2 protein chains.
Amino acid sequence: MTKLVKTITNSPVPAMNPRISDSALRRLSHYMRFLEAFEAAGRGTVSSEELADRGGTTSAQVRKDLSHFGSFGKRGLGYPVPELRARLAAILGIDRRWNVALVGAGKLGAALHAYDGFRRRGFHVVAVFDADSRKIGRRWGSLTVEDVACLETSVREKEVEIGIVVTPADAAQEVADAMVEAGITAILNFAPAKLVLPENVTLRDVNLAIELEALCFALTHDGWIVGR
Amino acid sequence: MTKLVKTITNSPVPAMNPRISDSALRRLSHYMRFLEAFEAAGRGTVSSEELADRGGTTSAQVRKDLSHFGSFGKRGLGYPVPELRARLAAILGIDRRWNVALVGAGKLGAALHAYDGFRRRGFHVVAVFDADSRKIGRRWGSLTVEDVACLETSVREKEVEIGIVVTPADAAQEVADAMVEAGITAILNFAPAKLVLPENVTLRDVNLAIELEALCFALTHDGWIVGR
DNA sequence: TATTGTGAAAGGGTTCACAGCG
DNA sequence: CGCTGTGAACCCTTTCACAATA
């Protein structure tokens, strides 16, 4: 989950470079946000320096990151804000709607479902599943909590492309397997479990305990500082 | 938030090595979990190979990671499970209780508050704050939602060391400032905002939109595969 | 013999510095 | 002149390979 290696060449983005690091990808998301702010502020142009200042990187880093996908700036001038924002949106793949399914109708699932930031970025939760018969049938806004046993049918019907696992750790693997079976190839996993998935499925983990433990490490080792 | 650089040498852990990468730190958390499983299974000893298999790394990586903090194994035998688990817990700083404050009594805050995995690892949510007068005074289990204006007093009184920001983006910076004012030096931020904090404060961000965008990138660039 | 601990080599991400161009 | 785009240098992380040793 650290690098991306090019294998075929039919993607919508020209992609001169075959690789991009996970950290570069994260930075692109940040630039995206900064560009939205600049655009809202009516700025027509930004320099790599300005983009860098906002995100705690360097201008060289910004230029390198962008250069993986083409050259969008004008020398002596900087980058045209609306154009670059649009190009970045296309590169990240957020210039369209994505259907998302949540599995696990617990508190965390509810929080994600209610989170407005998702919808605003084109992520639509179109299905919620659970294994608990007391939760199945409940209304979640315009959705009804479905039986996880119906996952495959429903996911195919609703054209879900992204799955979010918000179950307890012990259910996570079988839920992920069902997602894969239903044709989902991108999974965001909040369960503290190491999922084993086919090569063609992209997985990202969000592990809250690990983040807290990293904070503890820093607190415990007071003589160590967290470097940039 | 990528490296740790040693500056003083009075930490409880000997720490022969002055640096450890963020990725190594994450792996240590994973080893911790595997060791707990091995211990529960009654295993007296594990090899770096076995630890690596579970976590998708290599045995050399495991040995290197551990070697930053000392040498815990026996050549030809492997690592003693209970001892290594205890040592790792001490290294990560999770061999004690940590008091945590949540700011933002919304759905995500509620989910984190209810999350059992935290308490099980020694993280105790001892205070919840919000700015919304309709939420202030509500009972959350044994806690009462407090006015964020009282944050400093309450945080000092309850000896909170870790703060979790679960507010909307526009409130995040001032909440973080208040936390720092109250003496908190470790912050976990869920708000999609770039926080600016003093050097001595450790910050970690969990940005759900960025994780989803990375999935989109992978889905959009179908010819690219996510490498290890 | 099996497996650790670790220098040395390899790999790859970041920074530097400057040529190229508006 | 100002700022981008980029090859080269640098630096850090991972991998390799083997000496050390229970």
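Residues take numbers from 1 onward in each chain, read along the sequence in its written order. By the order in which they are written, chains take letters starting at A while ligands take numbers starting at 1. Whole-chain, interface and lining totals are the exception, using all residues; otherwise, since this is a predicted model, local features are given only for residues with pLDDT of at least 70 and side-chain atom pairs are given and counted only at 80 or more. The side-chain figures draw on all heavy atoms in the structure; neither hydrogens nor water molecules are used.

Caption draft 1: Local environment of the packing of aromatic side chains. Whether two aromatic rings pair depends on their centres lying within 6.5 Å, for rings of Phe, Tyr and Trp, where Trp uses its six-membered ring; planes under 30 degrees apart make the pair stacked, over 60 edge-to-face, and the rest tilted. Applying the stated criterion across every chain, the model contains 6 aromatic pairs over all chains. Judged by centre distance (4.8 Å) and plane angle (75°), the ring pair of Y115 of chain A and F118 of chain A falls under edge-to-face. Categorising residues by exposure relies on relative accessible area from a 1.4 Å probe, with only protein chains included: less than 20% of the type maximum marks a residue as buried, more than 50% marks it as exposed, and the intermediate range marks it as partly exposed. Judged by its relative accessible area of 26%, Y115 of chain A falls in the partly exposed class. For the pair F118 of chain B and F123 of chain B, a centre-to-centre distance of 6.5 Å together with 80° between the ring planes defines the contact as edge-to-face. Accessibility classification places F118 of chain B together with F123 of chain B in one group, the buried group. Every member of this aromatic cluster is reached through a ring pair, and the members are Y115, F118 and F123 of chain A.

Caption draft 2: Spotlight on the pattern of salt bridges. Residues and elements named next belong to chain B. A pair is scored as a salt bridge if a Lys or Arg side-chain nitrogen falls within 4 Å of a carboxyl oxygen belonging to Asp or Glu. Evaluated as defined, the whole model comprises 33 salt bridges over all chains. With a closest N to O distance of 2.6 Å, R27 and D65 form a salt bridge. Placement of R27 in helix α1 (residues 22-40) and of D65 in helix α3 (residues 59-67) is noted, with a sequence separation of 38 residues between them. Considered together, R27 and D65 belong to a single accessibility category, that of buried residues. Residue E161 pairs with R96 through a salt bridge whose shortest N-O separation is 3.1 Å. Each helix corresponds to a stretch of at least 4 residues labelled H or I by DSSP, and each strand to a stretch of at least 2 residues labelled E; elements are numbered beginning at the N terminus.

Caption draft 3: Up close: the environment of A105 of chain A. Residues and elements named next belong to chain A. Counting through the fold element by element, A105 comes out in the loop between β5 (98-103) and α5 (107-114). Distance in space between the C-alpha atoms of A105 and T167 is 8.0 Å, their sequence separation being 62 residues. What makes two residues a contact is simply this: any of their non-hydrogen atoms within 4.5 Å. Excluding its chain neighbours within four sequence positions, the residues that come into contact with A105 are V128, F129, D130, K135, W140 and V145.

Caption draft 4: Here's a closer look at the confidence of the model for chain A. Residue-level pLDDT values for chain A average 91, and 89% of them are 70 or greater. Within the model, the stretch residues 1-17 of chain A combines pLDDT values under 50 with 53 contacts to residues more than four positions away or in other chains. Scored from 0 to 100, pLDDT records how confident the predictor is in each individual residue.

Caption draft 5: Quick peek at the nonpolar core. Ranked by size, the top nonpolar core spans 106 residues in total, and within it L28 and I162 of chain A together with L28 and I162 of chain B carry the most contacts. If we skip the residues at most four places from it in the chain, L28 of chain B touches I20, D65, L66, F69, L88, I91 and L92 of chain B. Listed in part, the 21 residues of the second largest apolar core include A127, L151, V165 and L197 of chain B. Residue types Ala, Val, Leu, Ile, Met, Phe, Trp, Tyr and Cys, when buried and joined through side-chain atoms within 4.5 Å, form a set referred to as a nonpolar core.

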